[in-house]
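Residue strings, one per chain:
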Amino acid sequence: MCGIIGYAGHRPAVPLIVEGLRRLEYRGYDSAGVATVQNKEIELVRAAGKLAALDEKLARKNVTNSTFGVGHTRWATHGVPVERNAHPHLDHEKNIAMIHNGIIENYQEIKTELLAKGYEFRSDTDSEVLCNLIAEGRKHNPNMLESISWALNQVEGAYAIAVVSIDEPGTVYAARVASPMVMGVGTGENFVASDIPAFLPYTREVVFIEDGELVKITSSSWEVFNVETLEPVEKEIKTINWDVQAAQKGGYKHFMIKEIFEQPKVISDCLAGRVDQAKNEIVLPEVEGMEPPERLHIIACGTSYHAGLWGKYLIEQWAKIPVEVEIASEFRYRDPLLAKGGVALAISQSGETADTLAGIKLAKEKGLSIIGLCNVVGSSVARESDYVMYTQAGPEISVASTKAMCSQLTALMLLALYWGKRKGVIDATTYSRAAQDMRSIPSILETALPAMRSRAQELSREYSEANSFFFLGRGLYFPLALEGALKLKEISYIHAEGYASGEMKHGPIALIDPKFPTFAMALNDELFPKVKSNLVEVQARGGEIIALTNPGVDLDVEHRWSLPEVWGPLNTFIALPALQLFAYETADYLGKDVDQPRNLAKSVTVE
Ligand code: G6P
């Protein structure tokens, strides 16, 4: 977690860094800070709370126009979120300033040694320990490069760090192990950051930094070294085609609503180049080189896990491949039985989720090939995978994931069709219908979204005082029920549980009363009659129901929410945004901080 940025260039560093942090705030937002160097002294400004608190403090201070520095937005791991634990941290003599994302596992031992040498600490963080270890290294080494390497070779754990010192004005050092870091190469200026949007207004030229690499940037140069040996490492510059607008709100009140409305485009982008329109055929060059798996293990967390649960239905049904879906944090410690030669599919929007990465490592050790289904280009999941399929959703800024899930479902559907065809097990009509009709979903959804938003607004006003909600669905809509409940609880803080409709009678129905509403997915499919019976059971206990359904469906509930009907599983792509809109409108109506819900972070790079 945490967002970091380092800058060396020709512009005043502080405003540029703060703007960069604003675009990284989704990575954590419990405190923030910046450090620059002027006249052989470190200038440090930090504030507990969101970036606005840092802005206020900076407005009151007279920061200089130093043209290099580092900045950080924090999601606490060690030490409560107060100013003294905010980054940057200084060494005890105030010669070095460092920002850190990750956890130094052996910090306690190092701290004990440094305390014995007379070092003093001002925070509770593992990061300050590393900063002082670099200072200790400076005593034995001729320059900062060697001091940083000396220190990093003693630490265990995960880190992305950036460092400035009074010794070397104009230079920023950075390094990473198991925490994300990219370098931006500009003209007369260079950047390091946790993620590309931080420097996107200034450059699209990007170098992906790998584990064990140490970077040195100045305004006019950049170099990458192996952190252990300090041998230079050759790196390739890649050009990113994201536009700055895509990383900003574009007129919407929140990133979340913008991202919900982007879903038609996300589906088109994910399908682009993957459906041969002339032949009505799915082409997936990314997995062409592998045989369809005999068994598939899907590992993921959060919303990506729900996408995986949904994918299981289609991959089993269409490609006849047995699929197990597991929460990555369970999978990694369960000692799972994995047959050599099997395949694991890791789903991750960020590509940096620590548990998912650990799941990949375990699956690799057991001899599985890995397919990474992720959104962020060049992310750790992408780099650790044997085959990578990018979901093409563009940057997702809102902490609550919306368009990323839509893109994951699109990609999973493509995989199910592709493998089904390659194995010759999918029925030809289903295949051609799916391949054909998928392409019309973006325009149907685009047309439907404004009315769906109005309906979500009406319903959210009526139910904003509810303390609890059930979300129910069967078949493909069971994972959606889980996702609907997750969205509502994470941004509106209303308690919500997702259940398979048929499970209600085994306990949860005891909770139903007139103040405990149910949000049901009662779409027009072969399971509808079963769902209907479950809903009658809820009504018999006085429970009120909002039902997502289709025109003409015979259902008598308090609130019908009729969605345009499309073919078969494609109805998912209309139902998912309805759930997201309901959560969004409820949270917004209640005045919650929609894009940055309390206690959460977008990219969870710790266990
Ligand atoms: C966090 C985010 C969720 C996300 C999950 C998995 O909890 O708040 O929105 O679904 O991580 O993230 P990933 O990047 O691996 O999909």
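Residues numbered from 1 in each chain as written. Predicted model: local features only at pLDDT ≥ 70, side-chain atom pairs only at ≥ 80, totals over all residues. Heavy atoms only, no water.

A. Local environment of the sheet that holds strand E19 (residues 343–348). Taking strand neighbours across the sheet as the criterion, the five strands line up as E18-E17-E19-E20-E21 in an open arrangement whose pairing is parallel. Two strands in the sheet have a free side with no partner beyond their single neighbour: strand E18 (323–327) and strand E21 (387–390). Direction aside, the axes of adjacent strands within the sheet are offset by 20° on average. Bridge count between strand E17 (residues 296–300) and E18: five bridges; the pairing is parallel. By the bridge assignment, Ala300 is partnered in E18 with Ile327. The sheet contacts of helix H8 (residues 302–319) involve E17, E18 and E19, and relative to E18 the element is tilted by about 175°. Docked against the sheet, helix H12 (residues 403–423) engages E17, E19, strand E20 (369–374) and E21, running at close to 160° with respect to E19. (Pairing = 2+ DSSP bridges. Helix = DSSP H or I, 4+ residues; strand = E, 2+ residues; numbered from the N terminus. Axes fitted to C-alpha atoms, helices over the stretch in contact; angles between N-to-C directions. Contact = heavy atoms within 4.5 Å.)

B. Spatial organisation of the domain arrangement of the protein chain. Split by domain assignment, the protein chain resolves into domain 1 (3–245), domain 2 (249–426) and domain 3 (449–600). Look at where the C-alpha atoms of domain 1 and domain 2 centre, and you get two points 32 Å apart. Interface of domain 1 and domain 2: buried area, both sides summed, is about 1,000 Å²; carbon and sulfur atoms make up 60% of it. Counting every contact that joins domain 1 to domain 2 gives one salt bridge. A salt bridge links Arg383 to Glu210; the nearest nitrogen and oxygen atoms lie 2.8 Å apart. Where domain 1 touches domain 2, the interface holds two residue pairs in polar contact (both at pLDDT 80 or more). (Domains from an automatic or database assignment. Buried area = accessible area lost by both parts, 1.4 Å probe. Salt bridge = Lys/Arg side-chain N within 4 Å of Asp/Glu carboxyl O. Polar contact = N/O pair within 3.5 Å; in protein donor to acceptor, adjacent residues only side chain to side chain.)

C. Structural context of the site of the ligand. Around the ligand lies a shell of 13 residues, among which Ser304, Ser348, Gln349, Ser350 and Thr353 are the nearest. Ser350 places a polar side-chain atom, nitrogen or oxygen, 2.6 Å from an oxygen atom of the ligand. At 3.3 Å from an oxygen atom of the ligand is found a main-chain nitrogen or oxygen belonging to Val399. When the ligand is considered free in solution it has 380 Å² of accessible area, and contact with the protein chains removes 89% of it. With three residues, the single largest contributor to the shell around the ligand is H8. In the shell around the ligand, the residues fall into four nonpolar, eight polar and one charged. (Near = heavy atom within 4 Å. Areas by Shrake-Rupley, 256 points an atom, 1.4 Å probe, with all protein chains shown as cover. Nonpolar A, V, L, I, M, F, W, Y, C, P; charged D, E, K, R; others polar.)

D. How the structure looks around the pattern of salt bridges. Overall, the coordinates contain 30 salt bridges when judged by the stated rule. For Asp593, the salt bridge is made with Lys50, and the minimal N-O distance between the two is 2.0 Å. Taken together, the residues Asp593 in the segment after helix H17 (572–589) and Lys50 in the loop between strand E3 (41–48) and helix H2 (51–60) connect sequence positions 543 residues apart. For Asp593, a relative accessible area of 33% gives the class partly exposed. (Buried < 20%, exposed > 50% of the residue type's maximum accessible area, 1.4 Å probe, protein only.)

E. The packing of aromatic side chains, seen in detail. Applying the stated rule across the entire model yields 14 aromatic pairs. Taking 5.9 Å as the distance between ring centres and 80° as the angle between the ring planes, the aromatic pair formed by Trp310 and Phe573 counts as edge-to-face. You can see Trp310 sitting in helix H8 and its partner Phe573 sitting in helix H17, a full 263 residues away along the chain. Like Trp310, the residue Phe573 is buried in the burial classification. On the numbers, 5.1 Å between centres and 55° between planes, the contact of Phe519 with Phe582 is tilted. Residue Phe519 is located in strand E24 (residues 518–521), and its partner Phe582 is located in helix H17; the two are separated by 63 residues in the primary sequence. (Phe/Tyr/Trp six-rings, centres within 6.5 Å; stacked < 30°, edge-to-face > 60°.)

F. How the structure looks around the state of the cysteines. Applying the stated criterion across every chain yields a total of zero disulfides. Here Cys270 stays unpaired: no disulfide links it, and the sulfur of Cys406, its closest cysteine neighbor, is 8.2 Å away. (Disulfide = S-S within 2.5 Å.)

G. Broad picture of the environment of His506. By secondary structure assignment, the location of His506 is in the loop between strand E23 (495–500) and E24. On a C-alpha basis, the gap between His506 and Met389 in space is 39 Å, while along the polypeptide they are 117 residues apart.

H. The pairing of strand E8 (residues 172–177), seen in detail. Here E8 lies mainly inside the structure; five of its six residues are buried. As paired elements, strand E7 (residues 157–165) and E8 share four bridges and run antiparallel to each other. Looking across to E8, one finds that Ala160 is bridged to Arg176. Taken together, E7 and the strand that follows it, E8, pair antiparallel across an intervening segment of six residues, in which Gly170 is found at a positive phi of about 85°.

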